[in-house]
Amino acid sequence: TPLASGAAVGTQGQLAVYNFPPAGGAAGGPAAGGCYRCMYPQRGGGGAAASAGGASCSDAGVLGPVPGVIGALASAEAVKVLLHAPDGSG
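Not measured: the values here are computed from a predicted model.

Caption draft 1: Region of the structure containing the environment of G68. Considering the arrangement of structural elements, one finds G68 in helix 4 (residues 65–82). A relative accessible area of 47% means that G68 is categorised as partly exposed. Each C-alpha atom, one on G68 and one on A8, is 9.5 Å from the other, the two residues being 60 residues apart in sequence.

Next up, the structure:
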(Lines give C-alpha, C1' and ligand atoms only; values in the text may rest on other atoms or scores of the structure.)
Protein backbone atom coordinates (compact mmCIF):
# COMPACT_ATOMS: atom_id res chain seq x y z
CA THR A 1 0.00 0.00 0.00
CA PRO A 2 1.57 3.33 -1.02
CA LEU A 3 2.15 5.98 1.65
CA ALA A 4 2.64 9.70 1.04
CA SER A 5 4.38 10.93 4.19
CA GLY A 6 5.08 14.54 5.07
CA ALA A 7 6.74 16.17 8.07
CA ALA A 8 7.51 19.73 9.16
CA VAL A 9 9.37 21.33 12.04
CA GLY A 10 10.81 24.81 12.27
CA THR A 11 11.32 26.14 8.75
CA GLN A 12 12.03 22.70 7.24
CA GLY A 13 9.80 20.10 5.68
CA GLN A 14 10.15 16.80 3.89
CA LEU A 15 7.96 14.63 1.72
CA ALA A 16 8.34 11.00 0.65
CA VAL A 17 6.22 8.44 -1.20
CA TYR A 18 6.88 4.87 -0.04
CA ASN A 19 6.16 1.54 -1.79
CA PHE A 20 5.45 3.04 -5.20
CA PRO A 21 5.50 2.09 -8.10
CA PRO A 22 5.00 -1.69 -8.26
CA ALA A 23 7.97 -3.66 -9.60
CA GLY A 24 7.68 -4.23 -13.32
CA GLY A 25 4.73 -1.86 -13.48
CA ALA A 26 2.26 -4.65 -12.62
CA ALA A 27 -0.65 -3.40 -10.55
CA GLY A 28 -0.80 -5.31 -7.29
CA GLY A 29 2.78 -6.54 -7.72
CA PRO A 30 5.53 -6.12 -5.15
CA ALA A 31 6.74 -2.57 -4.71
CA ALA A 32 10.07 -1.55 -6.22
CA GLY A 33 10.71 1.02 -3.49
CA GLY A 34 11.30 0.62 0.22
CA CYS A 35 8.83 1.02 3.04
CA TYR A 36 8.69 3.50 5.93
CA ARG A 37 10.29 1.02 8.37
CA CYS A 38 13.11 0.41 5.85
CA MET A 39 13.99 4.08 6.11
CA TYR A 40 13.29 4.62 9.83
CA PRO A 41 13.68 1.28 11.68
CA GLN A 42 13.32 2.89 15.13
CA ARG A 43 10.18 4.60 16.35
CA GLY A 44 10.51 8.37 16.24
CA GLY A 45 13.80 8.22 14.37
CA GLY A 46 14.76 10.37 11.40
CA GLY A 47 12.58 12.83 9.59
CA ALA A 48 12.41 16.57 9.81
CA ALA A 49 12.89 16.52 13.59
CA ALA A 50 16.26 14.79 13.22
CA SER A 51 17.44 17.33 10.65
CA ALA A 52 16.38 20.11 13.02
CA GLY A 53 18.72 18.77 15.69
CA GLY A 54 16.13 16.43 17.22
CA ALA A 55 13.89 19.29 18.32
CA SER A 56 10.17 18.68 18.60
CA CYS A 57 7.53 21.07 17.34
CA SER A 58 6.96 22.31 20.89
CA ASP A 59 10.68 23.14 21.16
CA ALA A 60 11.48 24.45 17.66
CA GLY A 61 8.04 25.66 16.61
CA VAL A 62 6.71 25.46 13.06
CA LEU A 63 6.62 28.31 10.56
CA GLY A 64 2.93 28.59 9.60
CA PRO A 65 3.11 28.09 5.81
CA VAL A 66 5.44 25.06 5.96
CA PRO A 67 2.82 22.43 6.95
CA GLY A 68 0.42 23.86 4.36
CA VAL A 69 2.98 23.55 1.57
CA ILE A 70 3.98 20.04 2.65
CA GLY A 71 0.31 19.04 2.86
CA ALA A 72 -0.39 20.39 -0.63
CA LEU A 73 2.61 18.54 -2.04
CA ALA A 74 1.60 15.30 -0.25
CA SER A 75 -1.93 15.53 -1.62
CA ALA A 76 -0.56 16.07 -5.16
CA GLU A 77 1.61 12.96 -4.76
CA ALA A 78 -1.39 10.97 -3.47
CA VAL A 79 -3.43 12.00 -6.53
CA LYS A 80 -0.55 10.91 -8.78
CA VAL A 81 -0.50 7.52 -7.05
CA LEU A 82 -4.27 7.15 -7.44
CA LEU A 83 -4.12 8.07 -11.13
CA HIS A 84 -1.01 5.93 -11.76
CA ALA A 85 0.67 9.02 -13.18
CA PRO A 86 4.38 8.90 -14.06
CA ASP A 87 6.73 10.48 -11.54
CA GLY A 88 8.39 12.68 -14.15
CA SER A 89 11.88 11.36 -13.46
CA GLY A 90 12.40 10.13 -16.98
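Caption draft 2: Molecular detail of the pairing of strand 1 (residues 3–9). Bridge count for strand 1 against strand 2 (residues 12–18) is 7 bridges, and the pairing is antiparallel. The residue of strand 2 that forms the bridge with A7 is Q14. In this antiparallel pair of consecutive strands, strand 1 and strand 2, the connection spans 2 residues, and G10 shows a positive phi of 65°.

Caption draft 3: Structural context of the pattern of salt bridges. Taken as a whole and assessed by the stated rule, the structure comprises 1 salt bridge. Its salt-bridge partner being K80, residue E77 comes within 3.0 Å of it at the nearest N-O pair. Taken as a pair, E77 and K80 lie in helix 4 at a separation of 3 residues, close to a single helical turn. Note on E77: relative accessible area 24%, which makes it partly exposed. Relative accessible area serves as the criterion here: at 28%, K80 is assigned to the partly exposed category.

Caption draft 4: The environment of S58, seen in detail. Relative to the assigned elements, S58 resides in helix 3 (residues 57–60). Assessed through its relative accessible area of 69%, S58 is described here as exposed. A C-alpha to C-alpha distance of 9.8 Å links S58 and G10, two positions 48 residues apart in sequence.

Caption draft 5: Structural context of helix 4. Here helix 4 is 18 residues long and its end C-alpha atoms lie 26 Å apart, about the 26 Å a rise of 1.5 Å per residue gives. The complete set of buried residues in helix 4 reads V66, I70, A74 and V81. The buried residues of helix 4 occupy an angular sector of 55° when the element is viewed end-on, so they sit on one face. For helix 4, the exposed residues lying more than 90 degrees away from the buried face are P65 and L82.

Procedures and definitions
Per-chain numbering applies: the sequence of each chain, read as written, is numbered from 1 onward. Reporting in this predicted model follows two pLDDT cut-offs: at least 70 for local features of residues, and 80 or more for side-chain atom pairs to be given and counted; totals over whole chains, interfaces and linings ignore these cut-offs and use all residues. Based on all heavy atoms of the structure, the side-chain values leave hydrogens and waters out of the count. Segments assigned H or I by DSSP are reported as helices when at least four residues long, segments assigned E as strands when at least two residues long, and all are numbered from the N terminus. Think of it in three bands: with a 1.4 Å probe and only protein chains considered, a residue is buried below 20% of the maximum accessible area for its type, exposed above 50%, and partly exposed in between. In this description, strands pair whenever DSSP reports at least two bridges between them. Salt bridges are defined as contacts in which a side-chain nitrogen from Lys or Arg sits within 4 Å of a carboxyl oxygen from Asp or Glu. To estimate the expected span of a helix, count its residues, drop one, and scale the result by 1.5 Å. This arc corresponds to the set of directions leading from the helix axis out to the C-beta atoms.

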